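Below, each chain spelled out in residue letters.
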Amino acid sequence: MIEMRGKAVSDRIKEDIAESLDAVIKALGRKPRLEIIRVGTNEADASYGRSAIKKAEAFGMSAGLTSFPSDISYESFEEHIRKKSRDEDVDGILVLRPLPPELLEAAERGLSPDKDLDGMTDINMSRLFQGQEGGFAPCTAMAVMRLLDFYGADTHGKHVVIIGRSPVVGKPLAMLMLSRDATVTVCHSKTGEDILREQLSSADIICTAVGKAEFLGPEYIKEGAVIVDCGINVSEEGKLCGDVDYEAVKEKCLMISPVPGGLGAVTTAVLCENLFKAARIKVGK
Ligand code: NDP
């Protein structure tokens with residue numbers, strides 16, 4: 001069994017950025033700058049925001065976070081994002097999701113596609129659905145592809161089962177997998193238990209984005225499956241864990257990503273990669 005740890009992938013992304021970071025800083029006259037926008041008091045958002053800032057700084061870039069109360073108006077929220085989109089000193093913006101539907105709409109309206117690091121605007125989503133190069137895809141979905149690529153897990157011609165259909169993880173991941181020639185099944189909360197079991201029993205690659213601690217046990221998977229666990233949950237014992245019952249499943253897998261230690265580090269590294277890409281495009285490097 002190969003444990004797909006995220007740090008090695010994150011280090012590789014950092015090295016790639018470092019190759020041309022100085023040239024981009026010189027052309028910009030400053031470090032590439034990330035702005036994170038958060039609404040409400042969700043602790044998971046705060047923690048993701050903190051690790052994204054830490055990662056951007058460790059990668060030689062800069063980042064800041066603005067928090068808004070959950071009763072901020074549509075107009076004020078849109079205006080703030082529009083202002084950051086126009087700000088010459090900001091290269092990329094991450095609006096933390098989920099958001100209430102009206103604020104999500106305000107964010108999508110105010111956000112420049114050129115700074116939309118998490119691929120939430122219509123233009124970037126359309127590029128993703130059409131399989132076009134360029135633009136930005138949601139970071140977690142991209143991180144799954146990066147992790148699989150790094151550890152040499154090929155998707156071409158494989159049966160990939162994604163559990164979860166959110167616009168942040170499951171849906172964009174399905175599009176990325178299709179563009180890499182996988183045959184994709186997307187399961188969700190309304191998928192019957194018999195169908196879920198049948199699909200998983202033939203899955204070469206399983207990606208879980210459910211948000212339920214240790215949801216997936218060994219009885220679901222075939223011998224030699226590759227599993228990417230996107231879940232970030234807290235177990236009954238108060239420990240951070242994924243959607244997969246890691247200890248019970250690991251010996252049955254060819255490869256598996258742990259939680260913690262797996263995808264999370266890759267997601268923040270991909271966010272930095274997208275920030276760097278936005279800055280490069282801006283200065284034509
Ligand atoms: P959502 O709550 O938006 O989506 C969860 C999905 O799981 C939904 O599509 C839901 O189905 C499905 N689901 C729920 N229960 C079941 C079930 N019993 N059987 C099958 N499917 C089920 O979550 P997110 O996509 O935002 O996040 C998923 C997980 O990934 C969370 O743990 C989150 O913390 C983590 N995450 C990790 C990131 C990372 O960088 N590693 C980044 C973002 C999220 P339905 O649509 O029918 O409701």
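Every value quoted in this text rests on a predicted model; they were computed, and no experiment measured them.

### Comments concerning the pairing of strand 7 (residues 205-208)
Here strand 7 shows two buried faces, one formed by Ile205 and Cys207 and the other by Ile206 and Thr208. In the sheet, strand 5 (residues 159-163) pairs with strand 7 via four bridges, with the strands oriented parallel. Residue pairing in the sheet places isoleucine 162 in a bridge with cysteine 207 of strand 7. Examined bridge by bridge, strand 7 and strand 8 (residues 225-229) share four bridges and lie parallel to one another. The residue of strand 8 that forms the bridge with threonine 208 is aspartate 229.

### Considering the sheet that holds strand 2 (residues 33-39)
Reading across from one edge, 3-2-4 is the order of the three strands in this open sheet, with parallel pairing throughout. At either end of the open sheet lies a strand with only one pairing partner, and these are strand 3 (62-68) and strand 4 (92-95). Put simply, the sheet's adjacent strands are angled 20° from each other on average, direction ignored. Sheet topology note: the strand 2/strand 4 ladder contains four bridges and is parallel. From the neighbouring strand, isoleucine 37 faces strand 4, where its bridge partner is valine 95.

### Examining the domain arrangement of the protein chain
Interfaces are often described in size by the accessible area the parts lose on coming together. Entries for the protein chain in the domain assignment read domain 1 (29-117) and domain 2 (139-263). Using C-alpha coordinates to define each centre, domain 1 is positioned 28 Å away from domain 2.

### Concerning the sheet that holds strand 7
Reading across the sheet, the six strands line up as 1-11-8-7-5-6 and stay open at both edges, with parallel pairing between neighbours. Looking at the sheet topology across the chains shown, the edges are occupied by strand 1 (2-3) and strand 6 (183-187). Helix 6 (residues 139-150) contacts strand 7 and strand 8 of the sheet and is inclined by roughly 140° relative to strand 8.

### So, unusual backbone geometry
A cis amide bond, omega 5°, links arginine 97 with the succeeding residue proline 98. One can find proline 98 in the loop between strand 4 and helix 4 (101-110). A cis amide bond, omega 0°, links valine 259 with the succeeding residue proline 260. Mapped onto the elements, proline 260 comes out in the loop between strand 11 (253-256) and helix 10 (263-283). With a phi angle near 65°, aspartate 181 is a residue other than glycine that sits in the positive phi range. Of note, aspartate 181 is situated in the loop between helix 7 (170-179) and strand 6. At glutamate 214, a residue that is not glycine, the phi angle is positive and equals roughly 50°. Of note, glutamate 214 is situated in the loop between strand 7 and strand 8.

### Observations regarding helix 1 (residues 6-28)
Where helix 1 bends most, at serine 20, the angle is about 50°. Looking at helix 1, one finds that the buried residues are Gly6, Val9, Ser10, Ile13, Ile17, Ser20, Leu21, Val24 and Leu28. Buried residues in helix 1 make contact with helix 2 (43-58), helix 6 and helix 10. Following helix 1 by one or two positions, glycine 29 adopts a phi angle in the positive range, close to 80°.

Conventions we followed
Residues numbered from 1 in each chain as written. Predicted model: local features only at pLDDT ≥ 70, side-chain atom pairs only at ≥ 80, totals over all residues. Heavy atoms only, no water. Buried < 20%, exposed > 50% of the residue type's maximum accessible area, 1.4 Å probe, protein only. Helix = DSSP H or I, 4+ residues; strand = E, 2+ residues; numbered from the N terminus. Pairing = 2+ DSSP bridges. Axes fitted to C-alpha atoms, helices over the stretch in contact; angles between N-to-C directions. Domains from an automatic or database assignment. Contact = heavy atoms within 4.5 Å. Bend = angle between axes of the 7 residues up to and from the residue.

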